[in-house]
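Next come the chains, spelled out residue by residue.
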Amino acid sequence: MSLIDCDQEKKKMVERFFTRKEFNNGYSEEKHAASNVYKRMLKDGFKDNALAKFDLDFISNKPEKLTSLSVFLTDIYDFIFGDPVQEDDHWILKGTAKALPYTEEDLIFWIIDLYCKAYEFDCKLSGYGTLSDSSDLNYLDVGAKTPVDFYEEGLGEINKRNFGKAIIYFSIAIKSVSEMKEAWQARGYCKEMLYSYRAGRSDYDQALEIDSDYADALLSRATNKDDVGEYEGALKDYNRVIEIEPDNGLAYYNRGNTKFNLGDKVGACMDWGKAKLLGDTDAQKRIDTECK
């Protein structure tokens, strides 16, 4: 399964600088590179959860694409950028991010978030490096806030689609309170939004280890399973959600989709009908298309 659906590019009907194929082919390499960067930081004296500031380079074939990316990352991520500069056959945008606390996993997903956001603007993350001095490390004052505060800040970052930073906040909450099932579930959601389905599934599993009847995590895991074609497993999780929350319209709607994928059209239509009664706004479209 491709990371980015090709239909997204067909709709744009323009030639891209950073293509879907290049994005998909480079995704795993980008994660591996971020891991190597972190390992070099540790070798140079960096410590887990210390604050680190990074500079970043993005490239594209047109300055206006980089300018749009710059505006987005300045407004939402609080980065600082100069103007795009032409270099040979492309343009480059250089910027600086504010210091955040990192572990290896957090850095990987923070970088992947930027890799994904750059793609949305038809730009490519081309390089980055830490500006922090490993001989003078500073740490976030975790004691100044409660784990719930960090969890809620993570939710705020989700609302801004800043998934990399959200993951950092959820990781801080989990480090303080490992039994915070809500933080595990929310972090898994962020990883899925960054196309890391296995990593997302792992966090959902952790949430369900804490509470096997946690409906939000069951629903998220069911959707995760459905997305990767594990329909029987998804159906089992959806059934359990509906047992716990019989008025969950989304669970009925999604279970209808899974039943349809399994060839159970009658069961799918019944579930979509129930979802509609419970207020799901998407159910009518499936009913109109598939249940005539």
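Residues numbered from 1 in each chain as written. Predicted model: local features only at pLDDT ≥ 70, side-chain atom pairs only at ≥ 80, totals over all residues. Heavy atoms only, no water.

The name recorded for the chain in an unreviewed UniProt entry is Tetratricopeptide (TPR) repeat protein, from Pedobacter zeae.

1. Concerning the domain arrangement of the chain
A common measure of how large an interface is: the accessible area buried when the components associate. Taken domain by domain, the chain holds domain 1 (17-129) and domain 2 (145-196). Its C-alpha centre places domain 1 at a distance of 20 Å from the equivalent point of domain 2. Facing 18 residues of domain 1, the contacting portion of domain 2 comprises 16 residues. Overall, the association of domain 1 and domain 2 removes approximately 1,400 Å² of surface from exposure, summing both partners, and the carbon and sulfur fraction of that is 59%. By the criterion of area lost to domain 2, the three top residues of domain 1 are Ile76, Asp106 and Phe109, representing 31% of everything that side buries. On the surface where domain 1 and domain 2 come into contact, there are three salt bridges. Between Glu105 and Lys191 there is a salt bridge, and its shortest N-O distance comes to 2.8 Å. (Domains from an automatic or database assignment. Contact = heavy atoms within 4.5 Å. Buried area = accessible area lost by both parts, 1.4 Å probe. Salt bridge = Lys/Arg side-chain N within 4 Å of Asp/Glu carboxyl O.)

2. Thoughts on the packing of aromatic side chains
On inspection of all chains with the given rule, the structure shows 23 aromatic pairs. Aromatic side chains Phe163 and Tyr189 sit 6.4 Å apart centroid to centroid with 75 degrees between the ring planes, which places their arrangement in the edge-to-face category. Of this pair, Phe163 sits in helix H6 (residues 163-176) while Tyr189 sits in helix H7 (residues 181-193), and the two are 26 residues apart along the sequence. For Phe163, a relative accessible area of 5% corresponds to the buried category. Here a set of aromatic residues connected by ring pairs shows up, and it is made of Phe54, Phe58, Phe72, Tyr77, Phe79, Phe81, Tyr102, Trp110, Phe121 and Tyr128. One cation-aromatic arrangement involves Arg16 over Tyr119; the distance from NZ or CZ to the ring centre is 4.0 Å. One cation-aromatic arrangement involves Lys181 over Tyr214; the distance from NZ or CZ to the ring centre is 4.7 Å. (Phe/Tyr/Trp six-rings, centres within 6.5 Å; stacked < 30°, edge-to-face > 60°. Helix = DSSP H or I, 4+ residues; strand = E, 2+ residues; numbered from the N terminus. Buried < 20%, exposed > 50% of the residue type's maximum accessible area, 1.4 Å probe, protein only. Lys NZ or Arg CZ within 6 Å of the ring centre and 35° of its normal.)

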